[in-house]
Amino acid sequence: MELTSWKEIASYLGVSVRTAQLWEEQRGLPVRRLPGPRGRVLLCIAELEAWKHSGGIASEAAGINAVAIPASIASRLKRLRPAYAGAAAVLIGVVVLAFVVTRAPATPASARVQGSALVAFSAGGKELWRKHFESLSPLMPPSRVWTGDLDGDGAAEVLFAPIAAEGLTETIWCYGERGDVRWKFSPGRTVRTATRSYTGTYSARAFAVTRPGRSRRRRILLSSSHAYFPSQVVLLSSEGAVEREYWHAGHLEHVRLADLDRDGTEEFYLGGINNAAKAATLVVLDADHFAGAAKEANPEYAFEGLGEAKERARIIFPRTCINRLNEPFNIVQTMQFRSDGLAVAVAERLSATEALPVVYQFTPALRLNDVGTSSWFDAEHERLHASGILDHALSPSEVNALTPVTVTPPPASKP
């Protein structure tokens, strides 16, 4: 069967006559010109179907119309005998598809710091782009860089919280797959207690990225602080907008996400120091309910106008006798999540560079299950006792007395 006019061809394709004529010019629609009056055309339906299946129409839906088939190739196709026209159309479709694929930008599979630059790499290890910074700390941990699909569009973004040589991190950056700046966020704002107002530079301490939600989008939990007090915890959308905010009287240097209670939703675990208590602290927040400011009895650390805190739990860890000798506080060192609960290692600081760990074991419901000192701690305690610096030997009762204080009791279930 044959179509013998532009009107018939356009009707068969379900488009306008002008569109059909453009497809002949730009996509190689296999129309043959007949001798005689101008405008006489012929198109075999078998050839038309072969052209359609080769990608002629599909390319329009896929947005490949920017890649036009050269007119010289299209004219040659039209002069071929019907027996070969379909095969030629298929071959051209393959060539066009390969051209588009090779032009598509590679998406970052990883990124890392090299000298003073952030460098993104493809899955094959090829450098895709790099961003230079004036000064970066040589001690940049890998946790300051994250690569993955934030917004669920199939392309990877790169998050970077740089640490400058002088130790400040004022901005977290989000780059697109080609290295374009999607957004940037500078943490902190002015907050007040009864005795002081805090403004100026806030440094990003740590961040973590949530699992994709129903919309396939992720969110970013960022902890930052103004020197050592106060701390701001924000939940950012995949576009960098603040969704939730929480304030803490201290600094929170460790951020972890985990579904410890196995209800299908991650909780947020933040470890650091509570300045009001001068002690190590663990803050646990629910992803969709946290807000406000931690409540403190001392007005020097009580925030004004930020609302009541919504926390899952806030736990204060006691200081040991060794820590109280020379240092003003202890600090959460690590958090380890296991099938039977959470282990928190608290560093009992001896000096600015030395610390001995005490490990606290919690159930998934955040009830204390066990506490234990390390062999290093035991040996140091014995040495200090033998030298007369400590007036007592280490006993099981002293270890058992290291009971954390839960400021906000964990609820039986999430609200």
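Residues numbered from 1 in each chain as written. Predicted model: local features only at pLDDT ≥ 70, side-chain atom pairs only at ≥ 80, totals over all residues. Heavy atoms only, no water.

Section: the nonpolar core
- If you look at the biggest cluster of nonpolar residues, it comprises 28 residues, and the most contacted ones within it are Tyr 269, Leu 282, Phe 317, Ile 322, Leu 342, Val 344 and Tyr 360.
- Sorting the residues of this core by element identifies β19 (279-286), β20 (313-316), α7 (321-326), β21 (331-338), β22 (341-349), β23 (355-362) and α8 (375-386) as the ones contributing at least two each.
- If one sorts the elements of this core by residue count, β23 sits on top with 4 residues.
- Every residue in contact with Val 344, bar those within four places of it in the chain, is listed here: Leu 282, Phe 317, Val 332, Thr 334, Met 335, Val 358, Val 359, Tyr 360 and Phe 362.
- Counting residues in hydrophobic clusters, the runner-up holds 17 residues, among them Tyr 246, Val 255, Leu 257 and Val 283. (Core = buried A, V, L, I, M, F, W, Y, C linked by side-chain atoms within 4.5 Å. Buried < 20%, exposed > 50% of the residue type's maximum accessible area, 1.4 Å probe, protein only. Helix = DSSP H or I, 4+ residues; strand = E, 2+ residues; numbered from the N terminus. Contact = heavy atoms within 4.5 Å.)

Regarding the packing of aromatic side chains
- For the structure on display, the rule yields 13 aromatic pairs.
- Judged by centre distance (5.8 Å) and plane angle (25 degrees), the ring pair of Phe 229 and Phe 303 falls under stacked. Separated by 74 residues along the polypeptide, Phe 229 in the loop between β14 (220-225) and β15 (231-236) and Phe 303 in the loop between β19 and β20 bring together distant segments of the chain.
- Between Phe 317 and Tyr 360 the ring centres are 4.9 Å apart and the planes differ by 55 degrees, which places this aromatic pair in the tilted class. Here the residue Phe 317 occupies a position in the loop between β20 and α7, and Tyr 360 occupies one in strand β23, the gap between them amounting to 43 residues.
- The exposure class of Phe 317 is buried, given its relative accessible area of 0%.
- Look at Tyr 360 and you get buried, because its relative accessible area is 0%.
- Through a chain of ring-to-ring contacts, three or more aromatic side chains come together here, namely Tyr 198, Tyr 202, Phe 229, Trp 247, Tyr 301 and Phe 303. (Phe/Tyr/Trp six-rings, centres within 6.5 Å; stacked < 30°, edge-to-face > 60°.)

As for the sheet that holds strand β7 (residues 145-148)
- Reading across from one edge, β7-β8-β9-β10 is the order of the 4 strands in this open sheet, with antiparallel pairing throughout. Each having just a single partner strand, β7 and β10 (181-185) make up the two edges of the open sheet. For this sheet the average axis-to-axis angle between neighbouring strands, irrespective of direction, equals 15 degrees.
- Direction of pairing for strand β8 (residues 157-160) relative to strand β9 (residues 172-175): antiparallel, over a ladder of 3 bridges. By the bridge assignment, Leu 159 is partnered in β9 with Cys 174. (Pairing = 2+ DSSP bridges. Axes fitted to C-alpha atoms, helices over the stretch in contact; angles between N-to-C directions.)

Details of the pairing of β19
- For β19, the tally of buried residues reaches 8 of 8 residues, placing the bulk of the element in the interior.
- Two elements, strand β18 (residues 267-274) and β19, share 8 bridges in a ladder whose sense is antiparallel. Each residue of the ladder has a partner; that of Leu 270, found in β19, is Val 283.
- Bridge count for β19 against β20 is 4 bridges, and the pairing is antiparallel. For Thr 281, the partnering residue across the bridge sits in β20 and is Ile 316.

Overview of the sheet that holds strand β6 (residues 127-132)
- Pairing within the open sheet is antiparallel, and its 3 strands lie in the order β4-β5-β6. Strands with a single pairing partner mark the edges of an open sheet, and in this sheet they are β4 (110-114) and β6. The average undirected angle you get between the axes of adjacent strands in this sheet is 20 degrees.
- As paired elements, β4 and strand β5 (residues 117-121) share 5 bridges and run antiparallel to each other. Residue pairing across strands places Arg 112 opposite Val 119, the latter belonging to β5.

Points about unusual backbone geometry
- One non-glycine residue with positive phi stands out, namely Arg 216, at about 70 degrees.
- Tracing the backbone through its elements, the reader meets Arg 216 in the loop between β13 (203-209) and β14.
- What makes Arg 216 exposed here is its relative accessible area of 55%.
- Located in the positive-phi region is Arg 262, a residue other than glycine, with phi close to 55 degrees.
- For Arg 262, a relative accessible area of 61% translates into the label exposed.

Concerning the environment of Arg 192
- In this structure, Arg 192 sits in strand β11 (residues 191-192).
- Here Arg 192 falls in the partly exposed class, since its relative accessible area comes to 48%.
- In this structure, the C-alpha to C-alpha distance between Arg 192 and Tyr 301, residues 109 residues apart in sequence, is 9.1 Å.
- Sequence-distant contacts of Arg 192, that is, excluding residues within four places in its chain, are made with Ser 197, Ala 302, Phe 303 and Glu 304.

Regarding the pattern of salt bridges
- Per the stated rule, a full pass over the model turns up 17 salt bridges.
- In this structure, the salt-bridge partner of Glu 266 is Arg 211, at a minimum N-O distance of 3.6 Å. Here Glu 266 is found in the loop between β17 (250-258) and β18, whereas its partner Arg 211 is found in the loop between β13 and β14, with 55 residues between them in sequence.
- According to the relative accessible area criterion, Glu 266 is buried, its value standing at 13%.
- Using a relative accessible area of 43% as the deciding quantity, one classes Arg 211 as partly exposed.
- Between Arg 338 and Asp 340 there is a salt bridge, with the nearest N and O atoms lying 3.5 Å from each other. (Salt bridge = Lys/Arg side-chain N within 4 Å of Asp/Glu carboxyl O.)

Remarks on the environment of Leu 402
- With respect to the helices and strands, the residue Leu 402 is situated in the loop between α9 (396-400) and β25 (405-408).
- The class for Leu 402 is buried, based on a relative accessible area of 9%.
- Leu 402 sits 29 residues away from Thr 373 along the chain, and the two C-alpha atoms are 10.0 Å apart.
- Setting aside anything within four residues of it in sequence, one finds Leu 402 in contact with Pro 318, Thr 320, Val 358, Tyr 360 and Val 371.

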